[in-house]
Amino acid sequence: IGKYNYEELKRKIENLREKILLNLNHVDNKTKIRLLKADITKVDNVDAIVNAANTSLLGGGGVDGAIHRVAGPLLLKECRQLNGCEVGQAKITSGYNLPVEYVIHTVGPIWKGGNADESQLLVACYRNSLRLAQKCNIRKIAFPAISTGIYGYPVVEATKIAFQVVKEYVQDNPGDFDLVEFVLFDDSTYNVYLKETGSNLIEL
Ligand code: ADP
């Protein structure tokens, strides 16, 4: 790092970000897939955000709690009508006080060591969320890192699944999405996503 000054370093980092976006843009001519380090409740450039909910759909900790706090009590009211959601499935509600129109609630698997169908269930979360979005003509969608918080799914493995499924879905449904955004809350998750997308920060 010694040989660069601050401005040069900043420019290099921006260039790398650009590269990441460009790499991911190749997935499909029309669909952009990108990473964002942010609080998903503040994301306002998509039609829907995905909630990593639990089977009750009545709120909880982590991103679920944050979404319900910002959306307000009408979200909970609508969720009560949905009769819960099975692991791997997805249901949609309005976004209320969130800056997006919709919330897609999906229930990730709880990590139990890897022999309880966790990977297939996580695949189902991403696939069913995208399918539901497509059905509702949602063209821009943001995902948190489902199951990797309180549910304990190993982040690297979960990230590989998230990317693989989204890439495949976008390729199989060309032109149906404008943007799929992975919104990562903490540095360590963001760094795993950077690495798993093939960007190489060591270049710095
Ligand atoms: P799960 O129960 O599915 O593991 P969590 O909410 O505990 O869900 O964690 C999933 C991921 O969401 C974790 O990486 C966590 O850091 C992240 N997260 C927590 N709050 C937010 C938020 N406001 N916006 C985006 N991601 C968040």
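Residues numbered from 1 in each chain as written. Predicted model: local features only at pLDDT ≥ 70, side-chain atom pairs only at ≥ 80, totals over all residues.

Observations concerning the nonpolar core
Counting residues in hydrophobic clusters, the biggest one holds 52 residues, and the most contacted among them are Ala48, Ile49 and Ile141. The residues touching Ala48, leaving out its near neighbours within four places in the chain, are Val100, Glu101, Tyr102, Val103, Ile104, Ala133, Ile138 and Ile141. (Core = buried A, V, L, I, M, F, W, Y, C linked by C-beta atoms within 7 Å. Buried ≥ 20, exposed ≤ 12 C-beta atoms within 10 Å, placed from the backbone. Contact = placed C-beta atoms within 7 Å.)

Examining the packing of helix α5 (residues 155-172) against helix α6 (residues 187-196)
Interaxial distance between α5 and α6 falls to 10 Å at its minimum, and their mutual angle equals 50 degrees. On the basis of the axis angle, α5 is oblique to α6. When the axes of α5 and α6 are compared, the crossing they make is right-handed. Between α5 and α6, the contacting residues are Val155, Val156, Thr159, Lys160 and Phe163 on the first element and Thr189, Val192, Tyr193 and Glu196 on the second. Here the contact of α5 with α6 is built from residues that sort into 5 nonpolar, 2 polar and 2 charged. (Axes fitted to C-alpha atoms, helices over the stretch in contact; angles between N-to-C directions. Helix = DSSP H or I, 4+ residues; strand = E, 2+ residues; numbered from the N terminus. Parallel < 35°, antiparallel > 145°, perpendicular 65-115°, else oblique. Left-handed = near helix turned anticlockwise from the far one by under 90°. Nonpolar A, V, L, I, M, F, W, Y, C, P; charged D, E, K, R; others polar.)

Details of the pairing of strand β2 (residues 48-53)
In terms of burial, β2 is largely enclosed, as 6 of its 6 residues are buried. Alternating positions in β2 separate into two faces, Ala48, Val50 and Ala52 on one and Ile49, Asn51 and Ala53 on the other, with burial throughout. Judged from the 6 bridges that link them, β2 and strand β4 (residues 102-107) form a sheet pairing that is parallel. Within β4, the residue paired with Ala52 across the bridge is Thr106. As paired strands, β2 and strand β5 (residues 140-143) are joined by 2 bridges and run parallel to one another. Looking at the pairing, Ile49 lines up with Ala142 of β5. (Pairing = 2+ DSSP bridges.)

Considering the site of the ligand
Neighbouring the ligand are 22 residues, the closest being Ala52, Gly62, Gly149, Tyr151 and Phe185. It is helix α2 (residues 62-71) that provides the largest number of residues to the shell around the ligand, a total of 4 residues. (Near = placed C-beta within 6 Å.)

Some thoughts on the sheet that holds strand β3 (residues 90-94)
Sheet architecture is open: 6 strands sit in the order β1-β6-β5-β2-β4-β3, paired in mixed fashion. In this open sheet, the two strands that pair with only one neighbour each are β1 (32-37) and β3. Going from strand to strand, the sheet's axes swing by 25 degrees on average, the running direction of each strand aside. Pairing of β5 with strand β6 (residues 179-184), which is carried by 4 bridges, proceeds in the parallel orientation. Residue pairing in the sheet places Ala142 in a bridge with Glu181 of β6. With respect to the sheet, α2 is in contact with β2 and β4, its orientation differing from that of β2 by roughly 130 degrees.

Some points on unusual backbone geometry
Of note in the backbone geometry, Asp117 takes a positive phi value of approximately 65 degrees without being a glycine. Assessed through the 14 C-beta atoms surrounding it within 10 Å, Asp117 is described here as partly exposed. In the Ramachandran plot, Asn137 falls in the positive-phi region, its phi being about 60 degrees despite a non-glycine side chain. Along the chain, Asn137 falls in the loop between α4 (118-135) and β5.

Digging into the packing of α4 against α5
For any two helices packed against each other, one specifies the crossing angle of their axes together with the interaxial distance. Contact geometry of α4 with α5 gives a least axis separation of 9 Å together with a crossing angle of 40 degrees. The pairing of α4 with α5 is recorded here as oblique in orientation. Considering how the two elements wind past one another, α4 and α5 form a crossing that is right-handed. Touching Ser119, Leu122, Val123, Tyr126, Arg127 and Leu130 of α4 are Ala158, Ile161, Ala162, Val165, Val166 and Tyr169, all from α5. In terms of residue class, the contact of α4 with α5 is made up of 10 nonpolar, 1 polar and 1 charged.

The quantities given are spatial measurements derived from coordinates; they are silent on function.
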